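Listed here are the chains, written in short residue letters.
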Amino acid sequence: MAGIHITDIESAINWWRQQRPSPDGVTACAEVRALAEVYALMVYYRHSECDEYTMPPKAKAAWLAWYATTPDTPCIAICSTSQGDEVCKGCGRDFAEVQMWPEMSAAEKRATWRRITLQGTAWRFNRYAERTNGDAAVSPAPPAAAAG
């Protein structure tokens, strides 16, 4: 079971705010309201993820509509797992993630995207960033290394 990270909920809210702006600067569209309720509960209970299977249907539908606008796969057509590597140098997914990608849920895929983006070590984020067609900009940049 994968959880939907709070940053994805934020991104979906912001995407919907662009798709259906408030007519009066106060009211929000139904999709934003549904996602905002989930977001508020996550903040209140200090949860960083919500369960994809118990998410309210309207909020999940709004999240899935946003998800459909994101890149599906981190693959950049340089698959080192096919040559025996446990983790692909090109995209950063492990062998099981590469093999199971078509069967993974949207939340599982986003969790993988989040992990590889935060790691930022795959070639898609540095050596071959031009192959991503800007997809790397969709996810948050890796955090800066702590000074120490």
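Look up: the structure comes first, before these words.
Treat the numbers as computed from the prediction; the structure is a model and nothing was measured.

Cut-offs used in this document
Residues numbered from 1 in each chain as written. Predicted model: local features only at pLDDT ≥ 70, side-chain atom pairs only at ≥ 80, totals over all residues. Heavy atoms only, no water. Axes fitted to C-alpha atoms, helices over the stretch in contact; angles between N-to-C directions. Helix = DSSP H or I, 4+ residues; strand = E, 2+ residues; numbered from the N terminus. Parallel < 35°, antiparallel > 145°, perpendicular 65-115°, else oblique. Left-handed = near helix turned anticlockwise from the far one by under 90°. Contact = heavy atoms within 4.5 Å. Buried < 20%, exposed > 50% of the residue type's maximum accessible area, 1.4 Å probe, protein only. Polar contact = N/O pair within 3.5 Å; in protein donor to acceptor, adjacent residues only side chain to side chain.

**Student:** Please give an account of the packing of helix 1 (residues 6-19) against helix 2 (residues 30-44) that cites residues and values.
**Tutor:** Two elements in contact, helix 1 and helix 2, have axes separated by 9 Å at closest approach and are oriented at 155°. With respect to helix 2, the element helix 1 is oriented roughly antiparallel. Crossing of helix 1 against helix 2: the hand is left-handed. Here Ile6, Ile9, Glu10, Ala12, Ile13, Trp16 and Arg17 of helix 1 lie close against helix 2, whose contacting residues are Glu31, Val32, Leu35, Ala36, Val38, Tyr39, Met42 and Val43.

**Student:** Please provide a residue-by-residue account of the side chain of threonine 112, values included.
**Tutor:** Here threonine 112 shows up in helix 5 (residues 106-119). The class for threonine 112 is buried, based on a relative accessible area of 5%. Residues in contact with threonine 112, not counting those within four places in the same chain, are Arg93, Glu97, Trp101 and Met104.

**Student:** Before we move on, can you summarise unusual backbone geometry with the specific residues and values?
**Tutor:** Despite not being glycine, arginine 46 shows a phi value in the positive range, around 60°. Position of arginine 46 relative to the elements: it lies in the loop between helix 2 and strand 2 (49-51). Classification of arginine 46 by relative accessible area gives exposed; the value is 78%. A positive phi is found at alanine 77, a non-glycine position, where the angle reads about 65°.

**Student:** Describe in detail the side chain of aspartate 8, supporting the description with residues and values.
**Tutor:** Take aspartate 8: it is sitting in helix 1. At 2.9 Å, the side chain of aspartate 8 forms a polar contact with the side chain of arginine 110. Each residue touching aspartate 8, except ones within four places of it in the same chain, is listed here: Trp63, Trp66 and Arg110.

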